[in-house]
Amino acid sequence: MDRQSTEALEQFIRYVQLEKNFSLHTVREYEYDLIDFFQFLKAEGVSNIVEIDYIHARLYVTKLYDEQKARTSISRKISSIRSFFRFLNREQNIDDAPFRSLYHPKKEERLPSFFYEEELNQLFEKNKGTDPKQVRNMALLELLYATGIRVSECVSVELGDIDFHYGIIRVMGKGRKERIIPFGQYAQDALISYMEQVRPRLMKNQNHQKVFVNMRGGELTARGVRYILSEMIENTSMHTKIYPHMLRHTFATHLLNNGADMRTVQELLGHTNLSSTQIYTHVTKEALRKTYMNSHPRA
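All figures in this text were calculated on a predicted structure; none of them were measured in a lab. (Residues numbered from 1 in each chain as written. Predicted model: local features only at pLDDT ≥ 70, side-chain atom pairs only at ≥ 80, totals over all residues. Heavy atoms only, no water.)

**Student:** Describe the overall build of the protein chain, listing the residues and the values that go with them.
**Tutor:** Scanning the protein chain from terminus to terminus reveals 13 helices and three strands. With respect to the principal axes defined by its C-alpha atoms, the protein chain has extents near 65 × 65 × 35 Å. Counting only residues that meet the buried cut, the protein chain has 43% of its 299 residues in that class. The long-range fraction of contacts in the protein chain, counting pairs at least 24 apart against all pairs at least 6 apart in sequence, stands at 58%. Here the protein chain has roughly 17600 Å² of accessible surface; of this, 47% comes from carbon and sulfur atoms. Of note, the protein chain has its 42 positive side-chain charges centred 2 Å away from the centre of its 37 negative side-chain charges. (Helix = DSSP H or I, 4+ residues; strand = E, 2+ residues; numbered from the N terminus. Buried < 20%, exposed > 50% of the residue type's maximum accessible area, 1.4 Å probe, protein only. Contact = heavy atoms within 4.5 Å. Areas by Shrake-Rupley, 256 points an atom, 1.4 Å probe, with all protein chains shown as cover. Lys, Arg positive; Asp, Glu negative; His and termini not counted. Charge placed at Lys NZ, Arg CZ, Asp CG, Glu CD.)

**Student:** Just give me the short version of the nonpolar core, but keep the residues and values in it.
**Tutor:** In this structure, Tyr194 and Phe212 are the most contacted members of the largest nonpolar core, which totals 50 residues. Considering every element that reaches this core, the biggest residue donor is helix H9 (residues 185-203), with eight residues. If we skip the residues at most four places from it in the chain, Phe212 touches Arg136, Ala139, Leu140, Leu143, Cys154, Leu191, Tyr194, Gly218, Glu219 and Leu220. Phe12, Ile13, Ala57 and Tyr60 belong to the second-largest nonpolar core, a separate cluster that totals 30 residues. (Core = buried A, V, L, I, M, F, W, Y, C linked by side-chain atoms within 4.5 Å.)

**Student:** Got a sec to walk through helix H6 (residues 117-125)? Specific residues and values, please.
**Tutor:** Where H6 is concerned, the buried positions are Leu120, Leu123 and Phe124. Seen from one end, H6 has its buried residues packed into an arc of 95 degrees, which puts them on one side. Facing away from the buried side of H6 by more than 90 degrees, the exposed set consists of Glu118 and Glu125. Elements in contact with the buried residues of H6: helix H7 (132-147), helix H10 (222-234) and helix H11 (244-257). (Arc of directions from axis to C-beta.)

**Student:** Talk me through the packing of helix H1 (residues 3-19) against helix H2 (residues 24-43); I want residue IDs and the actual numbers.
**Tutor:** Taken N-terminus to C-terminus, the directions of H1 and H2 make an angle of 160 degrees; their axes are 10 Å apart at the nearest point. Compared by their axis directions, H1 and H2 come out roughly antiparallel. Once H1 is placed against H2, the crossing between them reads as right-handed. Here Ser5, Leu9, Phe12, Ile13, Val16 and Gln17 of H1 come into contact with H2, specifically with Leu24, Val27, Tyr30, Glu31, Leu34, Ile35 and Phe38. (Axes fitted to C-alpha atoms, helices over the stretch in contact; angles between N-to-C directions. Parallel < 35°, antiparallel > 145°, perpendicular 65-115°, else oblique. Left-handed = near helix turned anticlockwise from the far one by under 90°.)

**Student:** How would you sum up the environment of Phe114? Please name residues and give values.
**Tutor:** Mapped onto the elements, Phe114 comes out in the loop between helix H5 (97-100) and H6. Sequence separation between Phe114 and Asn137 is 23 residues; the distance between their C-alpha atoms is 19 Å.

**Student:** Requested: an account of the pattern of salt bridges, with residues and values cited.
**Tutor:** Oppositely charged side chains are able to pair whenever their charged atoms sit close together. This structure, assessed with the given rule, holds 13 salt bridges. The salt bridge involving Lys77 is made with Asp36; its shortest N-O contact spans 3.8 Å. In this pair, Lys77 is assigned in helix H4 (residues 71-92) and Asp36 in helix H2, connecting sequence segments 41 residues apart. A single network of salt bridges, built from pairs that share partners, joins Glu29, Asp33, Asp36, Arg76 and Lys77. (Salt bridge = Lys/Arg side-chain N within 4 Å of Asp/Glu carboxyl O.)

**Student:** Got a sec to walk through the pairing of strand E2 (residues 168-172)? Specific residues and values, please.
**Tutor:** Here E2 shows one buried face, formed by Ile169 and Val171, and one open face, formed by Ile168, Arg170 and Met172. Once strand E1 (residues 162-163) ends, the chain turns through four residues before running back antiparallel as E2, passing Gly167 with a positive phi of about 65 degrees. As paired elements, E2 and strand E3 (residues 178-182) share five bridges and run antiparallel to each other. Its bridge partner being in E3, Ile168 is matched across the sheet by Pro182. Counted along the chain from E2 to the antiparallel partner E3, the turn is five residues long, and its residue Gly175 has a positive phi close to 70 degrees. (Pairing = 2+ DSSP bridges.)

**Student:** Could you give me a rundown of the packing of H2 against helix H3 (residues 54-66), with the residues and numbers involved?
**Tutor:** A packed helix pair is summarised by two numbers, namely the angle formed by the two axes and the spacing between the axes. H3 packs onto H2 with a crossing angle of 110 degrees between their chain directions and a minimal axis gap of 11 Å. Overall, the two elements H2 and H3 adopt an arrangement that is roughly perpendicular. Here Asp33, Asp36, Phe37, Phe40 and Leu41 of H2 lie close against H3, whose contacting residues are His56, Leu59, Tyr60, Lys63 and Leu64. A class-by-class count of the residues in the contact of H2 with H3 yields six nonpolar, one polar and three charged. (Nonpolar A, V, L, I, M, F, W, Y, C, P; charged D, E, K, R; others polar.)

**Student:** An account of the side chain of Thr236 is requested, with residue identities and associated values reported.
**Tutor:** When you line up the elements, Thr236 lands in the loop between H10 and H11. Since its relative accessible area comes to 12%, Thr236 is described here as buried. Looking at Thr236, its side chain comes within polar contact range of the main-chain oxygen of Ile233, at 2.7 Å. (Polar contact = N/O pair within 3.5 Å; in protein donor to acceptor, adjacent residues only side chain to side chain.)

Here you go:
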């Protein structure tokens, strides 16, 4: 990148970080996307951002398709480039028209993966135990399934966020939106066992308020949660991968399968738009179809 492009990128990153207050993860995605775009421009012989026009934008998107990038990745990169040039248009009067014309690829209709109830029961049964690691892992699994919270929300939960008297947990979701979610007796029992018997032993000389800790007493990370769940699935006979969001999908699917209304599920998940929750109606219909096809003698 030339000096002007580098300075423009630095200004934009400061803007989304400080003024827009985007998360560190989102800021890094913006930066990664724009650096990738600048590298493409360099290969095309474009040395200055004022030289960029619509054909360069289209060629870049075509390159992404040729590389068989996921539609979600392409859509995100288009959004990053649009936001960057909209910022430049406002700050430096650089024309952003070439990028307003870019269209997002049609979203892939992929149904979210989830566990059937018998599969989830196996996951719970095969991971029961009394050693500290097993007790902690069971509390983690029970809470994720009982509440449908995101892994980022889970690792951020602090001691004061759980109210055992009312059986509720407070989490801070996307956009710093707080929500209160109830949890049942299974999760309550598992959490109490962990917090009374195991967590104090793991903390040792540590001093923080996070509920879930690693085996050295430090704050458990999202990566740590993924590793724990992968270990737990290996203890079963299921030949499948597991990731934290799969438990969120399972939470929503099971609620709808058992009669919960969509507005309630939307609120529990923290979805801003009902359309984000409606994907689970497709999941439940697909589950119904599979059950029929596997069970009916003349299916």
